[in-house]
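Chain by chain, the residues run as shown.
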Amino acid sequence: MARLGNYIRQVRGVSYKPGDLFDGPSPDAITVLRANNITDSGEITLDDVVWVAKERVKEQQLIKAGDILVCASSGSKNLVGKAAQAEKDLDVAFGAFCKVVRPMNANKKYIGYFFQSPIYRRSISYASAGVNINNIRSEDLDALAIDLPDADEQAMRVKKLEKLARSIALRKKQLDKIDLLIKSQFIEMFGDPQLNEKAWEVVPLSEIAEYYNGLTYRPEDVADSGVVVLRSSNIQNSELDFSDIVRVSCDVKSKLFVKDGDILMCSRNGSAKLVGKVAPIKGLREDMTFGAFMMIIRSQYPEYLLTYFKMSAFREQIKVGATTTINQITSNMLNKIRLPLPTKAALDKFAAFVEQTDKSKIPFELEVAA
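Residues numbered from 1 in each chain as written. Predicted model: local features only at pLDDT ≥ 70, side-chain atom pairs only at ≥ 80, totals over all residues. Heavy atoms only, no water.

Describing the overall build of the protein
Secondary structure assignment for the protein yields 10 helices and 22 strands. Relative to a compact globule of 370 residues, whose C-alpha radius of gyration would be 21 Å, the protein shows 22 Å and is just as compact. For the protein, the C-alpha atoms occupy an extent of roughly 65 × 50 × 40 Å along the three principal directions. The proportion of buried residues among the 370 residues of the protein is 47%. Summarising the internal contacts of the protein: among those between residues at least 6 apart in sequence, 77% fall at separations of at least 24. (Helix = DSSP H or I, 4+ residues; strand = E, 2+ residues; numbered from the N terminus. Rg over C-alpha atoms; globule rule 2.2 N^0.38 Å. Buried < 20%, exposed > 50% of the residue type's maximum accessible area, 1.4 Å probe, protein only. Contact = heavy atoms within 4.5 Å.)

Written as structure tokens, this is what we have:
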């Protein structure tokens with residue numbers, strides 16, 4: 001094992017004041033990325049950026065090909081350590097709550113994949129596990145241990161990981177298409193939930209579902225063995241993802257164990273875009289619970305509600321005032337939701353359609369192995 005600090009250089013982000021901000025692109029401004037520009041899937045997005053006076057930005061703070069953008073500080077511990085690698089030079093900088101890890105004397109892509117690995121995520125979780133510690137220190141990153149073989153072996157591993165990444169991207173496209181197909185079938189069968197053109201009975205959500213937040217646990221409860229705690233990072237592309245898991249060794253009330261058919265929802269997150277994302281619980285192979293920033297929705301109509309939660313009608317009902325920005329979803333907010341309830345025959349038909357559609361998904365393990 002090698003010390004990561006021997007193969008990287010860390011660059012601090014741009015510090016700026018409100019007076020340094022521009023309203024939009026300008027010859028005198030540079031685009032600056034923040035933690036929200038790092039996606040859960042390890043990509044850099046240029047949505048929702050800020051523009052800062054060029055004079056505030058140093059040349060070394062421009063993102064280059066191979067640079068790894070890391071969320072170094074956040075109000076949410078779940079976001080700290082989130083990382084994404086730049087595939088090419090970007091004429092953009094990054095803010096003070098982020099940092100860039102610049103690989104040196106090693107395969108850049110190999111280092112980049114390390115920052116997407118469960119080993120890295122676990123190491124960062126431990127490093128920032130103290131009370132009120134919501135940042136990564138430079139020495140924490142430098143001290144990380146990395147398996148660093150010779151250059152030829154690094155290149156071979158990168159090729160394998162790139163093949164896996166292509167398979168994941170293919171699966172994501174397929175899931176997006178299936179998700180769109182299910183939403184289209186929902187509209188065709190039930191109509192627009194906001195307009196309720198088919199005049200279905202309208203009921204409170206609380207009448208057809210129960211919901212509650214999950215387990216509060218302490219850093220010292222985290223263990224190598226124990227009960228899996230589902231968190232926001234375990235929802236990827238509307239499915240459960242177990243590439244980054246946390247286990248706890250503490251008492252868990254029976255009510256907080258998830259069941260097949262439950263819907264897992266992110267109810268609170270430092271990134272408003274992630275609040276409300278959902279995934280179905282199915283095919284459980286061991287006992288699992290869910291974290292305090294998550295919510296379980298339990299109903300006899302899981303397929304109908306899961307699709308409803310992905311639609312704009314749901315967000316319209318829970319938005320606050322005139323803004324669509326939702327920073328958290330509470331039980332009280334869900335209590336206020338009223339939605340159409342089609343007949344049982346129609347709901348059963350839709351559930352059968354969803355089940356049949358799910359069977360058409362590419363077997364992920366076979367695709368990776370191909």
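The discussion continues.
What to know about helix H6 (residues 302–309)
In terms of burial, H6 is a largely internal element, 7 of the 8 residues being buried. Those residues of H6 that fall on the buried side of the exposure criterion are Pro302, Tyr304, Leu305, Leu306, Thr307, Tyr308 and Phe309.

Quick notes on the pattern of salt bridges
Taken as a whole and judged by the stated rule, the model has 20 salt bridges. As a salt-bridge pair, Glu59 and Lys64 come within 3.4 Å of each other at their nearest N and O atoms. Assessed through its relative accessible area of 30%, Lys64 is described here as partly exposed. Notably, a salt bridge pairs Arg218 with Glu220, separated by 3.8 Å at the nearest N-O pair. Assessed through its relative accessible area of 49%, Arg218 is described here as partly exposed. Within the structure, one salt-bridge network assembled from shared partners comprises Arg121, Arg231 and Asp244. (Salt bridge = Lys/Arg side-chain N within 4 Å of Asp/Glu carboxyl O.)

Examining the environment of Ala346
Mapped onto the fold, Ala346 is located in helix H9 (residues 344–358). On the basis of relative accessibility, which here comes to 14%, the residue Ala346 falls in the buried class. In sequence terms Ala346 and Gln10 are 336 residues apart; their C-alpha atoms lie 57 Å from each other. Ignoring anything within four residues of it in the chain, the contact list for Ala346 reads Met189, Phe190 and Trp200.

Some details on the packing of aromatic side chains
The full count for this structure, using the stated rule, is 13 aromatic pairs. Seen from their ring centres, Phe190 and Trp200 are 6.4 Å apart, and the 75° between their planes marks the pair as edge-to-face. Of the two residues, Phe190 is situated in helix H4 (residues 151–190) and Trp200 in the loop between H4 and strand S11 (201–204); the sequence distance between them amounts to 10 residues. The same class applies to Phe190 as to Trp200, namely buried. With a centroid separation of 5.3 Å and an interplanar angle of 65°, the aromatic rings of Phe190 and Phe350 are classed as edge-to-face. One end of the pair, Phe190, is in helix H4; the other, Phe350, is in helix H9, and 160 residues separate them in sequence. Note on accessibility: Phe190 and Phe350 belong to one class, buried. Over the ring of Tyr212 we find Lys255, and its NZ or CZ is 4.4 Å from the ring centre. (Phe/Tyr/Trp six-rings, centres within 6.5 Å; stacked < 30°, edge-to-face > 60°. Lys NZ or Arg CZ within 6 Å of the ring centre and 35° of its normal.)

What to know about the sheet that holds strand S18 (residues 263–266)
The strand order S12-S21-S18-S19 describes an open sheet built from 4 strands, whose pairing is antiparallel. Where the open sheet ends on each side, the last strands, each with one partner, are strand S12 (209–213) and strand S19 (278–280). Taking the axes of each pair of neighbouring strands and ignoring which way they run, one obtains an average angle of 20° across the sheet. Here H6 sits on the sheet and contacts S12, S18, S19 and strand S21 (294–299); the angle it forms with S18, its principal contact strand, is near 20°. (Pairing = 2+ DSSP bridges. Axes fitted to C-alpha atoms, helices over the stretch in contact; angles between N-to-C directions.)

Examining the nonpolar core
Residues Phe190, Leu205, Ile297, Leu305, Phe309 and Phe314 are the most contacted members of the largest nonpolar core, which totals 37 residues. Those residues in contact with Phe190, other than ones at most four positions away along the chain, are Lys198, Trp200, Tyr304, Pro342, Ala346, Leu347 and Phe350. Grouped together as the second largest cluster of nonpolar side chains are 21 residues, Val70, Tyr110, Ile124 and Val158 included. (Core = buried A, V, L, I, M, F, W, Y, C linked by side-chain atoms within 4.5 Å.)

A short note on the side chain of Thr45
Note on placement: Thr45 falls in the loop between strand S4 (29–33) and strand S5 (50–53). A polar contact is formed between the side chain of Thr45 and the side chain of Asp47, at a distance of 3.2 Å. Apart from the residues lying within four places of it in its own chain, the contact partners of Thr45 are Leu33, Asn36, Asn37, Thr39 and Lys273. (Polar contact = N/O pair within 3.5 Å; in protein donor to acceptor, adjacent residues only side chain to side chain.)

Side note on unusual backbone geometry
At Asn237, a position not held by glycine, the phi torsion is positive, near 55°. Inspection of the secondary structure puts Asn237 in the loop between strand S15 (235–236) and strand S16 (239–240). Judged by its relative accessible area of 33%, Asn237 falls in the partly exposed class. Of note in the backbone geometry, Ser238 takes a positive phi value of approximately 65° without being a glycine.

A few points about the environment of Arg231
Tracing the chain through its elements places Arg231 in the loop between strand S14 (227–230) and S15. When the C-alpha positions of Arg231 and Asp244 are compared, they lie 9.3 Å apart, and in sequence the two are 13 residues distant.

Considering H9
Here H9 spans 21 Å end to end across 15 residues, near enough to the 21 Å set by a 1.5 Å rise per residue. Within the sequence span of H9, burial applies to Ala346, Leu347, Phe350, Ala351, Val354 and Thr357. Buried residues of H9, seen end-on, are gathered within an arc of 135° and therefore sit on one face of the element. For H9, the exposed residues lying more than 90 degrees away from the buried face are Lys344, Ala345, Lys349 and Gln356. Summarising the contacts, the buried residues of H9 are in contact with H4, H6 and strand S22 (338–341). (Expected span 1.5 Å × (residues − 1). Arc of directions from axis to C-beta.)

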